[in-house]
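Reading the structure
As a plain string of letters, each chain reads:
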Amino acid sequence: MVAIIDHKKRVENYFIAWKHYDTVLLRSIFSQTAKYIIRGKKTYFGIEEIIKYWERNSRRQKNIQLHWKIVNSSFKCEIVEFGAYFWDAESELFTKINGQIIFVYDYNNQIVKLTEAYKKRTENRNRRIKK
């Protein structure tokens, strides 16, 4: 029997969790031993480290707007282009991020590895771009 995978829903759940900083949903879509890689910056090992990272972001990223599209998918993987725009309460700057996420899934459709790469631009209150 062939399993039917709702690729859009798998990815959508991640972005719903991000938009609402929903750690309950986050726990349901990541495996306990997941690896969350932000290329060139940091790697988080296991769901507890990932949750701590997201809890920090929930205090920083205000009024977040997200968009995304799947550019490639298979049984165990999705490649997604995304954009985010939010007020960063720590830096007091508007932040725009464009990037790509690669999701790798186990046979339970939980994320076992997420690799994220992005470019970030910030704007001050006068809306001038800083690179």
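Anything mentioned here points back to the structure above.
Anyway, here's the lowdown on the structure attached to this text. (Residues numbered from 1 in each chain as written. Predicted model: local features only at pLDDT ≥ 70, side-chain atom pairs only at ≥ 80, totals over all residues. Heavy atoms only, no water.)

1. Section: the overall build of the protein
We count it as follows: In this description a helix means any DSSP run of H or I spanning at least four residues, a strand means any run of E spanning at least two, and both kinds are numbered starting from the N terminus. C-alpha atoms define the radius of gyration in this analysis, and the globule rule sets the expected value at 2.2 Å times the number of residues to the power 0.38.
Within the protein, the secondary structure is distributed over three helices and seven strands. Secondary structure elements in the protein, listed N-terminal to C-terminal, are α-α-β-β-α-β-β-β-β-β. Relative to the compact-globule value of 14 Å for 131 residues, the protein shows a C-alpha radius of gyration of 15 Å, a close match. Counting only C-alpha atoms, the protein reaches 60 × 30 × 25 Å along its principal axes.

2. Focus on the environment of Phe94
Along the chain, Phe94 turns up in strand E5 (residues 93-105). Sequence separation between Phe94 and Asn124 is 30 residues; the distance between their C-alpha atoms is 6.4 Å.

3. So, the layout of surface pockets
Basically, it comes down to this: We place a 1 Å grid over just the protein atoms. Points where a 1.4 Å probe fits but has no way out form a cavity, open points with protein on both sides within 12 Å along at least 5 of 7 lines form a pocket, and any residue with an atom within 4 Å of a point lines it. Grid points are joined across faces, edges and corners, and a volume is the space filled by probe spheres set on the points.
Counted as a void, the largest pocket has a volume near 280 Å³. Surrounding the largest pocket, 21 residues form its lining, Tyr53, Asn57, Arg60, Gln61 and Tyr118 being those nearest its centre. Secondary structure elements with two or more residues in the lining of the largest pocket: helix H1 (7-20), strand E1 (30-38), strand E2 (42-45), helix H3 (46-60), strand E4 (77-88), E5 and strand E6 (111-123). A total of five residues in the lining of the largest pocket trace back to one element, the largest contributor, which is H3.

4. Considerations on H3
Filter applied, for reference: Each helix should span, by expectation, one fewer than its residue count multiplied by 1.5 Å. For every residue, the accessible area (1.4 Å probe, protein chains only) is compared with the maximum for its type, and the residue is labelled buried under 20%, exposed over 50%, or partly exposed between those bounds. In what follows, residue pairs with any heavy atoms lying within 4.5 Å of each other are defined as contacts.
The terminal C-alpha atoms of H3, which comprises 15 residues, lie 22 Å apart, in line with the 21 Å expected from a rise of 1.5 Å per residue. Along H3, the residues that are buried comprise Gly46, Ile47, Ile50, Ile51, Tyr53, Trp54, Asn57 and Arg60. Summarising the contacts, the buried residues of H3 are in contact with H1, helix H2 (23-29), E1, E2, strand E3 (61-73) and E4.

5. A closer look at the pairing of E4
How we decide: Two strands qualify as a pair provided that DSSP identifies no fewer than 2 bridges between them.
As paired strands, E3 and E4 are joined by 10 bridges and run antiparallel to one another. When the bridges of E4 are listed, His67 appears paired with Gly83. From the end of E3 to the start of E4, which pair antiparallel, there are three residues. One ladder, built from 12 bridges, connects E4 with E5; its direction is antiparallel. Bridging across to E5, Tyr85 finds its partner in Lys96. Remark: four residues form the turn of the hairpin made by E4 and E5, two consecutive strands paired antiparallel; Glu92 in that turn has positive phi of roughly 55°.

6. What to know about the nonpolar core
Keep this limit in mind: To form a nonpolar core, buried Ala, Val, Leu, Ile, Met, Phe, Trp, Tyr and Cys residues must be joined to one another through side-chain atoms within 4.5 Å.
Counting residues in each nonpolar core, the largest one holds 30 residues, and the members touching the most others are Tyr14, Trp18, Phe30, Tyr36, Trp54 and Phe103. The contact partners of Tyr14, leaving out residues within four places of it in the chain, are Ile29, Phe30, Tyr36, Trp54, Ile101, Phe103, Leu114 and Glu116.

7. Notes on the pairing of E2
Where E1 lies against E2, four bridges are found, and the strand directions are antiparallel. Bridging from a neighbouring strand, Ile38 pairs with Lys42 of E2. The antiparallel pairing of E1 with E2 creates a hairpin that spans three residues between the two strands, and Gly40 there sits at a positive phi of about 80°.

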